[in-house]
Amino acid sequence: MNTAECNAYAKVNLSLDITGRREDGYHTVDMVMQSVSLCDRVRVTLNDTGEVILKCSKPHIPCDGRNTAYKAAQYYFDATGVPFGADIYIEKHIPDQAGMGGGSADAAAVLKLLNHLCAEAGEEPLNTAELLYLGLRIGADVPFCILNGTYRCLGIGEQLLPLAEIPKCYLVVVKPDVGVSTPEAYRACDNVPDGGMRYTPGMVRAVEHRSIEEIANALGNRFDDALQISVVQEIKKYLCENGALNALMTGSGSAVFGIFSEKSLAENAAKRMPKAFGACFLAEPVIG
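Overview of the structure.

**Focus: the overall build of the protein**
Stage number 1. Helix and strand counts for the protein stand at ten helices and eleven strands.
Stage number 2. The principal-axis extents of the C-alpha atoms in the protein amount to approximately 55 × 45 × 35 Å.
Stage number 3. Taken over 288 residues, the protein has a buried fraction of 53%.
Stage number 4. Counting every atom, the protein has about 12800 Å² of accessible surface; 48% of that belongs to carbon and sulfur.
Stage number 5. Positive and negative charge centroids in the protein, built from 26 and 35 side chains respectively, lie 5 Å apart.

**Quick look at the environment of Pro 59**
Stage number 1. Position of Pro 59 relative to the elements: it lies in the loop between strand 3 (52–56) and helix 1 (68–80).
Stage number 2. Judged by relative accessible area, Pro 59 falls into the exposed class, the value being 80%.

**What to know about the packing of aromatic side chains**
Stage number 1. Counting across every chain of the model gives four aromatic pairs.
Stage number 2. Measuring from centroid to centroid gives 6.0 Å for Tyr 238 and Phe 277, while their planes differ by 70°, and the two rings are edge-to-face. Of this pair, Tyr 238 sits in helix 9 (residues 230–241) while Phe 277 sits in the loop between helix 10 (263–271) and strand 11 (279–283), placing them 39 residues apart in sequence.
Stage number 3. Residue class for Tyr 238 comes out buried when judged on its relative accessible area of 11%.
Stage number 4. Overall, Phe 277 belongs to the buried group, its relative accessible area being 11%.
Stage number 5. Against the face of Tyr 75 rests Arg 137, its NZ or CZ located 4.5 Å from the ring centre.

**Details of the sheet that holds strand 9 (residues 246–249)**
Stage number 1. Strand order in this open sheet of four strands is 9-10-7-11, and the pairing throughout is antiparallel. Pairing within the sheet leaves two strands with one partner each, and these edge strands are strand 9 and strand 11. On average, each strand axis in the sheet is tilted by 20° relative to the strand beside it, whichever way the strands run.
Stage number 2. Examined bridge by bridge, strand 9 and strand 10 (residues 256–260) share four bridges and lie antiparallel to one another. Bridge pairing links Leu 248 to Phe 257 in strand 10.

**Things to note about the nonpolar core**
Stage number 1. Among the nonpolar cores identified, the biggest contains 99 residues, and Leu 14, Tyr 76, Ile 88, Met 100 and Leu 239 are the most heavily contacted of them.
Stage number 2. It is helix 2 (residues 102–120) that contributes the most residues to this core, ten residues altogether.
Stage number 3. In this structure Met 100 touches Ala 10, Lys 11, Val 12, Val 36, Leu 38, Ile 94, Pro 95, Val 173, Thr 250 and Ala 255, once residues within four positions along its chain are discounted.

**A short note on the state of the cysteines**
Working definition of a disulfide: a covalent bond connecting the sulfur atoms of two cysteines.
Stage number 1. One pass over the full model with this rule turns up zero disulfides.
Stage number 2. In this structure Cys 63 is a free cysteine whose sulfur lies 5.5 Å from that of Cys 56, the closest cysteine sulfur available.
Stage number 3. A relative accessible area of 29% means that Cys 63 is categorised as partly exposed.
Stage number 4. The thiol of Cys 169 is unpaired, and the distance to the nearest cysteine sulfur, on Cys 240, comes to 14 Å.
Stage number 5. For Cys 169, a relative accessible area of 0% translates into the label buried.

Calculation notes
- Residues numbered from 1 in each chain as written.
- Predicted model: local features only at pLDDT ≥ 70, side-chain atom pairs only at ≥ 80, totals over all residues.
- Heavy atoms only, no water.
- Helix = DSSP H or I, 4+ residues; strand = E, 2+ residues; numbered from the N terminus.
- Buried < 20%, exposed > 50% of the residue type's maximum accessible area, 1.4 Å probe, protein only.
- Areas by Shrake-Rupley, 256 points an atom, 1.4 Å probe, with all protein chains shown as cover.
- Lys, Arg positive; Asp, Glu negative; His and termini not counted.
- Charge placed at Lys NZ, Arg CZ, Asp CG, Glu CD.
- Phe/Tyr/Trp six-rings, centres within 6.5 Å; stacked < 30°, edge-to-face > 60°.
- Lys NZ or Arg CZ within 6 Å of the ring centre and 35° of its normal.
- Pairing = 2+ DSSP bridges.
- Axes fitted to C-alpha atoms, helices over the stretch in contact; angles between N-to-C directions.
- Core = buried A, V, L, I, M, F, W, Y, C linked by side-chain atoms within 4.5 Å.
- Contact = heavy atoms within 4.5 Å.
- Disulfide = S-S within 2.5 Å.

Below you can see the structure in the form of structure tokens.
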């Protein structure tokens, strides 16, 4: 049966504010997210068995119902009732436990590919609103990963407001070995009496001005402030001392990205990156 594949783009948080906590325990946020060119590659083939079979290039990644891409296929087939199953293969490049939305990106890619393949097979595809609703059932970042680009995200991350494209720039992304528990990160933020800084309004203004210098100066992440992970701070310092306009941890961590105005500066910083800091990647913003 037909096969299709696409890139599943990672994201970084240009800003991340925690604005409250709902009665169900979920925290509310106000953040600006940006898709970046670091990506997984996802391939989907329809099958007529009705089963979802997932394989991944990284052996430690679960390939059952714990995997968001697997859930995405199950949810899609349950929602649409199409008479198919799917063989899914994920070539992983986005680092794990990085705060870069790798699992959400894979799930979004599966939803889009299944929608395309089922339409080719003569079935009624879901519209964008239906895909976004289905994505939200899987995870709060999945709707953003379906759309890609530059968005202000509110609520639990599901309320998406499009922003102007950010100017051309270059990113160096570093993933240290240290892992971060998202519940632990939220607990650390909850312990800040005044709720901490609000970064997103300033970031929105900077993005709308389309100034990469303003965007770099407006970077801010409440998790980064609250956790103060030593290796993260060291990586940020290194990036800024080696040409980055600014640097920040993304999401609840532990990946760090630096923004560079010139490609040569980004390449030199990446080339000289101390191996002790962890895996290093070059990336650029992706337009939705």
